[in-house]
Amino acid sequence: MLEKPTHFIRSKIADQIKQGQLSAPVTRFPPEPNGYLHIGHAKSICLNFGLAEEFSGRCHLRFDDTNPAKESQEYIDAIEADVRWLGFQWDALHHASDYFETLYQWAVYLIEQGDAYVDEQSADAIRATRGTLTEPGVDSPYRDRPVAESLACFSRMRAGELPEGAAVLRAKISMASPNLNLRDPVLYRIKHVSHPRAGEAWCIYPTYDFAHGQSDAIEGITHSLCTLEFEDHRPLYEWFLKKLPVPSKPKQTEFSRLELEGTVTSKRKLNALVTEGYVRGWDDPRMPTIAGLRRRGYSPEGIRLFCERIGVTRKPNTIEYQILEGAVRDDLEGRARKGMAVLDPIRVLVENWQEAPLALDIPWHPKHPEYGSRTAYFGRELWIDRSDFEEDPPEGFFRLSPGGSVRLKYGFIVDHVDTLRVDGKIDTLVVRYDPDTRSGQDHSGRKVKGTIHWVEAETAKPVDIRWYGPLFTVPDPARAEALATVINPDSLVMRTAWVEPGLAHIDPEAYWQFERVGFFKQDPDSTADAVVYNLTVGLKDQWAKKQN
RNA sequence: UGGGGUGUGGCCAAGUGGUUAAGGCAGCGGGUUUUGAUCCCGCCAUCCGUAGGUUCGAAUCCUACCACCCCAGCCA
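The residue count restarts for each chain, going from 1 along the sequence in the order it is written. Chain letters start at A and ligand numbers start at 1, both assigned in the order the entries are written. For this predicted model, a pLDDT threshold of at least 70 governs which residues receive local features, and a threshold of 80 or more governs which side-chain atom pairs are given and counted, while totals over whole chains, interfaces and linings are taken from all residues. Processing note: side-chain calculations cover all non-hydrogen atoms of the structure and skip hydrogens and water entirely.

**Q** Please explain the packing of helix α1 (residues 8-18) against helix α2 (residues 39-54) as it appears in this structure.
**A** Relative placement of two packed helices is described by the angle separating their axes and the distance separating the axes. Fitting a line to C-alpha atoms yields each axis, with helices limited to the stretch in contact; the angle taken between N-to-C directions then spans 0 to 180 degrees. Numbering goes from the N terminus for both helices and strands, where a helix is a DSSP run of H or I of at least four residues and a strand is a run of E of at least two. Packing of α1 against α2 leaves a shortest axis separation of 11 Å and a crossing angle of 30°. Judged on the interaxial angle alone, α2 and α1 are roughly parallel. When you trace α1 past α2, the crossing you get is right-handed. Contacts from Ile9, Arg10 and Ile13 in α1 reach Leu47, Leu51 and Glu54 in α2. Residues belonging to the contact of α1 with α2 are distributed by class as follows: four nonpolar, no polar and two charged. Here is the rule for angles: anything less than 35 degrees is roughly parallel, anything more than 145 is roughly antiparallel, 65 through 115 is roughly perpendicular, and the remaining ranges are oblique. Working rule for handedness: look at the near helix, and if it is turned counterclockwise from the far one by less than a right angle, call the crossing left-handed; if clockwise, right-handed. By definition in these notes, contact holds between two residues if any of their heavy atoms fall within 4.5 Å. Classification convention: Asp, Glu, Lys, Arg as charged; Ala, Val, Leu, Ile, Met, Phe, Trp, Tyr, Cys, Pro as nonpolar; all other residues, Gly among them, as polar.

Written out as structure tokens, the structure reads:
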């Protein structure tokens, strides 16, 4: 077993424990329920829950539900399901909205201390006076209004007496700060919107900045991990912890977010893919959402392996998609049941087989006898894949060709006799099987170069295959001006395959490998009459690579 | 342009003054193999954004420069 690779956050915690500054870390995964979780969130989930697990600490799931205009119960439910599916169990479930009353009292406290004021300027006016990157902002005319006046106005805000946009609560820090986040940031705004959890209780809602650090403090979070874009918010995060009578002092640490080649990981863009109909939903197997990856057939263990492999740093990075696929293949290799399916069939007639189909008992996995076995059949009429026969075989081709021989895996060696055509197109391959070469009891001493997969035609069942390719045609779709221009029109190809009987029944949980093809997972659209398989990821194929 | 960050092989990533500059993925070569899969073995940076400097000795310290990312929501 390989030791887990270390990274700066892991070493920091280990060090703090060794120094006696920390007994166990308390972390949190703080999603906003305004969309589905994606692979980038998986990195954060693995980090937060993983660290807590590793150092015998605790990890909370906390919904950052401070903007009811964008949030919904649908997302809350989906997020909980995704975290659980990834294999993590939170030690506590919280919502920023649980702290609305405390946060309100703290806002009042800030006003009383002269550290916040109600600003009745319009949003436009506030924006216009914020200054620019190089020029300082201008103080609001309300900045120095009496405390009592702010207090009175703030309570009118809470009471619902003011329309949206009429006033906001602002921290009184400095309009000249080079850090824009410190130029009297907005702490509360009016939103006459009902909240998925708090209902109609509030019509003013705290901003991220005013809610996040304090929520961390209330929960006793020791390590508040977030992505790099929040780095400029850290001074503000710390300002509140210093000004307010909070019960603990969490520390924010930033790491770089995950960028995955060939995908977009912004909720806005993912949402656009859904609403504009480029995919069937948040859980479409082409989506980099947790729900999409799950439906596609990626295992939680594979995703966790991926997150471990990519590491955690502060360096901007774009991970090659094949690293994700590699991790998933590595996990699925030992997990999947292996069966035979023919996706692009060509008929094979075994002219010297006269008997009824022969039942073969084949283990589901050569290295895992505990997975059991199934029955497949060999007979007079078979299907093999069109790509396994070449009339004019290139150098190094060792599948079936005119006059050649090949082993039908788990069956017999067959020798090509004839090629029959219909309208010029190859229709049937006539072969003879060698009775001395039955798999497992081969006394012939014959050696053939190739082994191919096949299914017996009489017992085979049809299934639907959803063959997926990249959703985009470019490696960096996030930079495209419009997603529409980089959508891959062939990201989903529907087809039918012949499978051995053991692959034709519904089994929503199982992971499958179609030998020599790829890993597959049954889609929830499957019915008893029509099983649907999603391509998870293809097998590595050196031969195909050599051909290009 | 003000502030905050980051620069180690194709992609990740260890490394924090003395190492032949870990490891993973990809790639290449070979072995095993009834999946051209898996598995196994070997190869793959005289060099750490660039240029100077300090030092017996630097990817690690100093200086300058360059490149890229983030910030001007009453989003998170």
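**Q** I tried to follow the environment of Ser256 on my own but got confused; where do I start?
**A** Along the chain, Ser256 turns up in the loop between β9 (251-255) and β10 (259-260). Buried residues are those whose accessible area, probed at 1.4 Å on protein chains only, stays under 20% of the maximum for their type, while exposed residues exceed 50% and partly exposed ones sit between those limits. For Ser256, a relative accessible area of 2% corresponds to the buried category. Once the C-alpha coordinates of Ser256 and Leu180 are considered, the two residues, 76 residues apart in sequence, prove to be 21 Å apart. Within the structure, Ser256 has its side chain in polar contact with the side chain of Asn317 (distance 3.3 Å). Any N or O atom pair separated by 3.5 Å or less is treated as a polar contact, with the protein-specific requirement of one donor-capable and one acceptor-capable atom, and with residues adjacent in sequence counted only for side-chain atom pairs.

**Q** Could you clarify how one ought to interpret the protein's contact with RNA strand B in this entry?
**A** Residues are classed as near a molecule or strand on a simple rule: at least one heavy atom within 4 Å of it. Within the structure, RNA strand B sits among 64 residues, and Lys338, Phe398, Arg399, Ser439 and Lys545 are positioned closest to it. The sugar-phosphate backbone supplies 65% of the atoms of RNA strand B found within 4 Å of the protein. Here a phosphate oxygen of RNA strand B and a side-chain polar atom of Arg314 are 3.2 Å apart. In this structure, a sugar or linking oxygen belonging to RNA strand B sits 3.4 Å away from a main-chain N or O atom of Trp543. For the surface near RNA strand B, the per-class residue count stands at 19 nonpolar, 19 polar and 26 charged.

**Q** Is there a simple way to explain the sheet that holds strand β1 (residues 26-29) in this structure?
**A** In a beta sheet, neighbouring strands pair by backbone hydrogen bonds and run either parallel or antiparallel. A pair of strands is treated as paired once DSSP finds two or more bridges between them. In space, the three strands of this open sheet follow the order β1-β2-β3, with parallel pairing throughout. Taken across any chain shown, the strands that pair with only one partner, and hence form the sheet edges, are β1 and β3 (92-95). Strand-to-strand, the axes of this sheet are offset by a mean angle of 30°, without reference to chain direction. Running at roughly 160° to β1, α2 makes contact with β1 and β2 (58-63) of the sheet. Against the sheet, helix α3 (residues 73-85) engages β1, β2 and β3, with an angle of about 160° to β2.

**Q** Is there a simple way to think about the nonpolar core in this case?
**A** Buried residues of nine kinds, namely Ala, Val, Leu, Ile, Met, Phe, Trp, Tyr and Cys, make up a nonpolar core once their side-chain atoms join them within 4.5 Å. Ile39, Ile45, Phe49, Val83, Leu86, Ile303 and Phe306 are the most contacted members of the largest nonpolar core, which totals 36 residues. Mapped by element, the contributors of at least two residues to this core are α2, β2, α3, α10 (290-296), α11 (300-310) and α12 (321-335). A total of six residues in this core trace back to one element, the largest contributor, which is α2. Leaving out residues up to four positions away in the same chain, Leu86 has contacts with Ala42, Ile45, Ile290, Pro300, Ile303 and Arg304.

**Q** Sorry, what's going on with unusual backbone geometry here?
**A** Glycine aside, residues mostly have negative phi angles, and peptide bonds mostly take the trans form. Located in the positive-phi region is Tyr410, a residue other than glycine, with phi close to 70°. Structurally, Tyr410 is set in the loop between β18 (405-408) and β19 (413-422). Positive phi is not limited to glycine here, since Asp423 has a value of about 55°. Checked against the element boundaries, Asp423 lands in the loop between β19 and β20 (425-433).

**Q** For this particular structure, what's the right way to read the packing of α11 against α12?
**A** The interhelical angle for the contact between α11 and α12, taken along N-to-C directions, is 135°, at an axis separation of 8 Å. Looking at the two axes, α11 sits oblique to α12. The way α11 lies across α12 gives a crossing that is right-handed. Of α12, the residues touching α11 (which contributes Glu301, Gly302, Leu305, Phe306, Arg309 and Ile310) are Ile323, Leu324, Gly326, Ala327, Val328, Asp330, Asp331 and Arg335.

**Q** Where do I start with the domain arrangement of chain A in this structure?
**A** Many descriptions give the size of an interface as the accessible area lost when the pieces come together. Domain boundaries assigned for chain A yield domain 1 (100-209) and domain 2 (337-547). The straight-line distance from the C-alpha centre of domain 1 to that of domain 2 is 64 Å. Residue ranges for the domains trace back to a domain assignment, done automatically or taken from a database.

**Q** Before we go on, may I ask you to explain the side chain of Arg189 in this structure?
**A** Tracing the backbone shows Arg189 in strand β6 (residues 186-190). Nearest to the buried, unbridged Arg189 among oppositely charged side chains is Glu32, at 7.0 Å. From its side chain, Arg189 meets the backbone oxygen of Thr66 in a polar contact 3.3 Å long. Once residues lying within four places of it in the same chain are set aside, the contact partners of Arg189 are Thr66, Asn67, Val168, Cys203, Ile204, Tyr205, Pro206 and Thr207. Neither His nor the chain termini are counted; the positive set is Lys and Arg, and the negative set is Asp and Glu. By convention in these notes, a salt bridge is any Lys or Arg side-chain nitrogen within 4 Å of a carboxyl oxygen on Asp or Glu.

**Q** Help me out: how do you make sense of the sheet that holds strand β25 (residues 511-514) in this one?
**A** Strands sit in the order β12-β25-β26-β27-β23-β24-β13 across an open sheet of seven strands; the sheet is mixed. Every other strand in the sheet has two partners, leaving β12 (337-339) and β13 (341-342) as the edge strands with one partner each. Pairing between strand β26 (residues 518-522) and strand β27 (residues 532-538): five bridges, direction antiparallel. Pairing of Phe520 across the sheet is with Leu535, part of β27.

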